[in-house]
Amino acid sequence: MFTNSNDLLTGRRPVVTPSGCEVVAQRGAIALVAADLDANDAGSVCILPAGCVPVGIVYDSDDLDTNGAPTIVASVGLMTADDSDLATAWVTGITASQTGTSAVLTSRDLMRVAPATTDRRVGIKFTAAAATKAAGTVGLTLQYRAA
């Protein structure tokens, strides 16, 4: 679990829920400390509301690996109940944190997510550690619709 949280995850900011067939988007961001950037570190960033399915994700990141040959790689998906790992990876091999950029993510697995009767946490897992760790912010803009 990442060191920090955000207002979406703590309930201080309400999760947007679509009222019809529209696609809505909501961004969650986490301030990461250097200790969060090891291989297999994972944590929640945003919430997929009950009865909704994702249609896309934008991953944005500061430069979390300042080495001349950066190695940090991430995956995005649904988190386990205890927030310690990805239960289901939707997209893998994300390298945007190596240089501090963004990436539009999509995959067959993302498009085939079934609706659930409860809210689900969406998060990030670093599958390869940073060569030279640098604290910074990573965010997910989750686009979703009612099922």
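For the structure, see preceding data.
Residues numbered from 1 in each chain as written. Predicted model: local features only at pLDDT ≥ 70, side-chain atom pairs only at ≥ 80, totals over all residues. Heavy atoms only, no water.

J.: Even after reading the chapter, I still don't get the overall build of the protein, so can you show me in this structure?
T.: A tally of regular secondary structure across the protein gives two helices and eight strands. Walking the protein from its N terminus toward its C terminus, one meets helices and strands in the order α-β-β-β-β-β-β-α-β-β. Once the C-alpha set of the protein is aligned to its principal axes, its extents read approximately 45 × 30 × 20 Å. Residue burial in the protein is summarised as follows: out of 147 residues, 44% are buried. Taking all contacts inside the protein whose residues are at least 6 apart in sequence as the whole, residues at least 24 apart take part in 78%. In the form shown here, the protein has an accessible surface area of approximately 6,600 Å², with 51% of it arising from carbon and sulfur atoms. (Helix = DSSP H or I, 4+ residues; strand = E, 2+ residues; numbered from the N terminus. Buried < 20%, exposed > 50% of the residue type's maximum accessible area, 1.4 Å probe, protein only. Contact = heavy atoms within 4.5 Å. Areas by Shrake-Rupley, 256 points an atom, 1.4 Å probe, with all protein chains shown as cover.)

J.: Please explain the pattern of salt bridges as it appears in this structure.
T.: In a structure, side chains of opposite charge can pair up when their charged atoms sit close to one another. In total, this model carries six salt bridges according to the counting rule given. The residue Arg27 makes a salt bridge to Asp60 at a minimum N-O spacing of 2.7 Å. A residue pair is termed long-range when its members are at least 10 positions apart, and Arg27 in strand E1 (residues 23-32) and Asp60 in strand E3 (residues 52-61) qualify at 33 residues. Asp38 is the partner of Lys133 in a salt bridge, and the nearest nitrogen-oxygen pair spans 2.4 Å. (Salt bridge = Lys/Arg side-chain N within 4 Å of Asp/Glu carboxyl O.)

J.: What am I meant to see in the sheet that holds strand E8 (residues 136-146) here?
T.: The strands making up a sheet associate through backbone hydrogen bonding, with each pair oriented either parallel or antiparallel. Pairing is antiparallel across the open sheet formed by four strands, whose spatial order is E1-E8-E3-E6. Looking at strand neighbours, the two that pair on one side only are E1 and strand E6 (102-105), the edges of this open sheet. Neighbouring strand axes in the sheet, compared pairwise and without regard to direction, differ in orientation by 20 degrees on average. Of the pairings in the sheet, the one linking E1 to E8 comprises 10 bridges and is antiparallel in character. Paired with Ala29 across the bridge in E8 is Gly139. (Pairing = 2+ DSSP bridges. Axes fitted to C-alpha atoms, helices over the stretch in contact; angles between N-to-C directions.)

J.: For this particular structure, what's the right way to read the side chain of Arg120?
T.: Mapped onto the elements of the fold, Arg120 is located in strand E7 (residues 120-128). In terms of polar contacts, Arg120 uses its side chain to reach the backbone carbonyl oxygen of Ala114, at 3.1 Å. With residues up to four places along the chain from it excluded, the contact list for Arg120 reads Cys46, Ile47, Leu48, Cys52, Leu78, Val113, Ala114 and Pro115. (Polar contact = N/O pair within 3.5 Å; in protein donor to acceptor, adjacent residues only side chain to side chain.)

J.: What is the right way to read the nonpolar core from this model?
T.: Ranked by internal contacts, the top residues of the largest apolar core, which has 34 residues, are Tyr59, Val76, Trp90, Val122, Ile124, Phe126 and Leu140. Only helix H1 (7-10), E1, strand E2 (42-48), E3, strand E4 (73-79), strand E5 (86-94), E7 and E8 provide two or more residues apiece to this core. Setting aside its immediate chain neighbours within four residues, Trp90 contacts Leu48, Pro54, Ile57, Val76, Gly77, Leu78, Ser107, Asp109, Leu110, Val113, Val122 and Leu142. (Core = buried A, V, L, I, M, F, W, Y, C linked by side-chain atoms within 4.5 Å.)

J.: In this structure, what is going on with the sheet that holds E5? I would like to understand it.
T.: Read from one edge of the open sheet, four strands run E2-E7-E4-E5, paired in antiparallel fashion. The sheet terminates laterally at E2 and E5, the two strands that pair on one side only. The sheet shows a mean angle of 30 degrees between the axes of neighbouring strands, taken without regard to direction. Across six bridges, the pairing between E4 and E7 is antiparallel. When the bridges of E7 are listed, Ser75 appears paired with Lys125.

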